[in-house]
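# Architecture and fold: a report
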Amino acid sequence: MDFSIWTKEFTITMKNSIYLIGIIVLAVAFGFIMVKGNSVSEEVYTAPVIDGVQEVVLSLKDYNYSPNTVKVQAGIPVRIYLDSSVVGCLRDFTINDFGIRKHLKTPEDYVEFTPTIIGRYTFACSMGMGTGVLIVE
Amino acid sequence: MTFKEFSKFMTNRNDSFVKSVFISLIVSFSVFLFAYFIRLRYVEDFMPKYGFYIFFAILSYSLIVSTLKHIRPYKEFPCMSGMMIGMTLGMISGFLAGFYVGATNGMFYGSVWGMLVGISLGVWSGKCCGIMGIMEGMMSGFMGGLMGAMTAIMMFNDNLKIAGVIVFVISSVILIGLNFMIFRETKGADRKYEDNFFNIVLSFLLTTLTIWISVFGPRSLLLQ
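Thresholds, definitions, all that
- Residues numbered from 1 in each chain as written.
- Chains lettered and ligands numbered in written order.
- Predicted model: local features only at pLDDT ≥ 70, side-chain atom pairs only at ≥ 80, totals over all residues.
- Heavy atoms only, no water.
- Helix = DSSP H or I, 4+ residues; strand = E, 2+ residues; numbered from the N terminus.
- Rg over C-alpha atoms; globule rule 2.2 N^0.38 Å.
- Buried < 20%, exposed > 50% of the residue type's maximum accessible area, 1.4 Å probe, protein only.
- Contact = heavy atoms within 4.5 Å.
- Lys, Arg positive; Asp, Glu negative; His and termini not counted.
- Charge placed at Lys NZ, Arg CZ, Asp CG, Glu CD.
- Axes fitted to C-alpha atoms, helices over the stretch in contact; angles between N-to-C directions.
- Parallel < 35°, antiparallel > 145°, perpendicular 65-115°, else oblique.
- Left-handed = near helix turned anticlockwise from the far one by under 90°.
- Nonpolar A, V, L, I, M, F, W, Y, C, P; charged D, E, K, R; others polar.
- Buried area = accessible area lost by both parts, 1.4 Å probe.
- Salt bridge = Lys/Arg side-chain N within 4 Å of Asp/Glu carboxyl O.
- Polar contact = N/O pair within 3.5 Å; in protein donor to acceptor, adjacent residues only side chain to side chain.
- Core = buried A, V, L, I, M, F, W, Y, C linked by side-chain atoms within 4.5 Å.
- Disulfide = S-S within 2.5 Å.

What follows covers the overall build of chain B. Along the backbone of chain B there are 8 helices and 0 strands. Ordering the α and β elements of chain B from the N terminus gives α-α-α-α-α-α-α-α. Against the compact-globule benchmark of 17 Å for 224 residues, chain B has a radius of gyration of 17 Å, which places it among compact chains. Projected onto its principal axes, the C-alpha positions of chain B cover 50 × 35 × 25 Å. Within chain B, buried positions represent 57% of all 224 residues. Across chain B, contacts joining residues at least 24 apart in sequence account for 86% of those joining residues at least 6 apart. The centroid of the 17 positive side-chain charges in chain B is displaced by 3 Å from the centroid of its 11 negative side-chain charges.

Structural data, given as structure tokens:
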């Protein structure tokens, strides 16, 4: 057999090609194992009607409002409280579509509005760091 | 000094950049696998919660460590190059470390880890070229560490994982750019020595500490 092709430079090229393939294989294999799943699960909460008002108490979980998907009925007033676990800018509660922006200083403070149009509306803190969805049915 | 010559410089020599990245990845993924089978698999929701960030932290460290390893053997750069080296490595390493730890542990712990990694590596790489490189490494590590964690927290509920990929891609391009600068400055000269031990130890330390801080370390009130 002719081994004249097996020069030093060729060996280095071969080795480096193997390293390159190794990098791709490692990245793809571990990427497939590690980059899967989503920790954010959408918990849908249906607001109960108490004395003619739909009451929702939001708390803090994984740096977001929890529950962050709330189902309410159209035409009945909705009252949203933030419990004591909610801190920082997340206490500055906004729902742009209803023109609501209020700093809920204590767990007893609330925002109240009556949704009339069916749809999905976003609620958020004033900086947009905590967000959620209000589903009006 | 064409791009073709640069790519040969990076991939086609005994102490090539791809070899360093490969060694670093082998070490880091081995650490991860060992930790996973010993302890991490018992952690609830481990992969969905931490897998993504640890994976990208490992990829980032492999590029950072390999770049640092390739720069260290050249000891004679002008002050301006030293500043650029210290600033780039300090900023990128601080930002990435801060970002991925900030995403799991919050602003404070992400910043502290990011600043620690950024300042250490920035100073270490910048000291090749005098006090200006050291100062620049220190300042950029400080800034990068804070910015990385802050960005992660600001994007927490706004496509954080996509941001993590974008941040990694941009940082990789910048690090390749730094390697190109080194290539131009040294005119493709051979390095004085090859230090794979450094590569292995640093990859091991960074990966181990990142996994430990992310999974078992303290976290901010907001993420408890």
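After presenting the structure, the write-up continues.
All names here are of chain B. For the pair helix α4 (residues 79–105) and helix α5 (residues 107–126), interaxial distance at closest approach is 7 Å and the crossing angle is 160 degrees. The pairing of α4 with α5 is recorded here as roughly antiparallel in orientation. As α4 runs across α5, the sense of the crossing is right-handed. Note on element contacts: α5 touches α4 through M107, Y109, G110, W113, G114, V117, G118, L121, G122, S125 and G126, opposite G82, I85, G86, L89, G90, S93, G94, A97, G98, V101, G102 and N105. The class makeup of the residues in the contact of α4 with α5 is 9 nonpolar, 14 polar and no charged.

With 31 residues of chain B at the interface, the matching set in chain A holds 29 residues. Here chain B and chain A share an interface that buries about 2700 Å² over both sides, 71% of which is from carbon and sulfur atoms. Here chain B and chain A share 0 salt bridges between them. Along the contact surface separating chain B from chain A lie 1 residue pair in polar contact (both at pLDDT 80 or more). Put simply, the parts of the chain that give the side of chain B that touches chain A at least two residues each are α1 (3–11), α2 (17–38), α3 (46–71) and α6 (131–154) of chain B. Tallied by class, the residues present in the side of chain B that touches chain A amount to 20 nonpolar, 6 polar and 5 charged.

A separate point is the nonpolar core. Judged by nonpolar contacts, the single largest core of 93 residues is most densely connected at A:L58, A:Y65, A:I80, A:F93, B:F32 and B:I54. Here this core takes 17 residues from α3(B), the largest share from any one element. When neighbours within four sequence positions are excluded, A:L58 is seen to be in contact with A:Y65, A:S66, A:P67, A:V70, A:I80, A:Y81, A:L82, A:D83, A:V86, A:F93 and A:F123.

Residue and element names in this part refer to chain A. Structurally, the position occupied by V133 is in strand β11 (residues 131–136). Through-space distance from the C-alpha of V133 to that of R91 is 16 Å; in sequence the pair is 42 residues apart. Beyond its immediate chain neighbours, meaning those up to four positions away, V133 contacts N68, T69, V70, R120, Y121 and F123.

Below, the discussion takes up the state of the cysteines. Counted according to the given criterion, the structure contains 0 disulfides over all chains. With no disulfide of its own, A:C89 has A:C125 as its nearest cysteine by sulfur position, at a separation of 3.5 Å.

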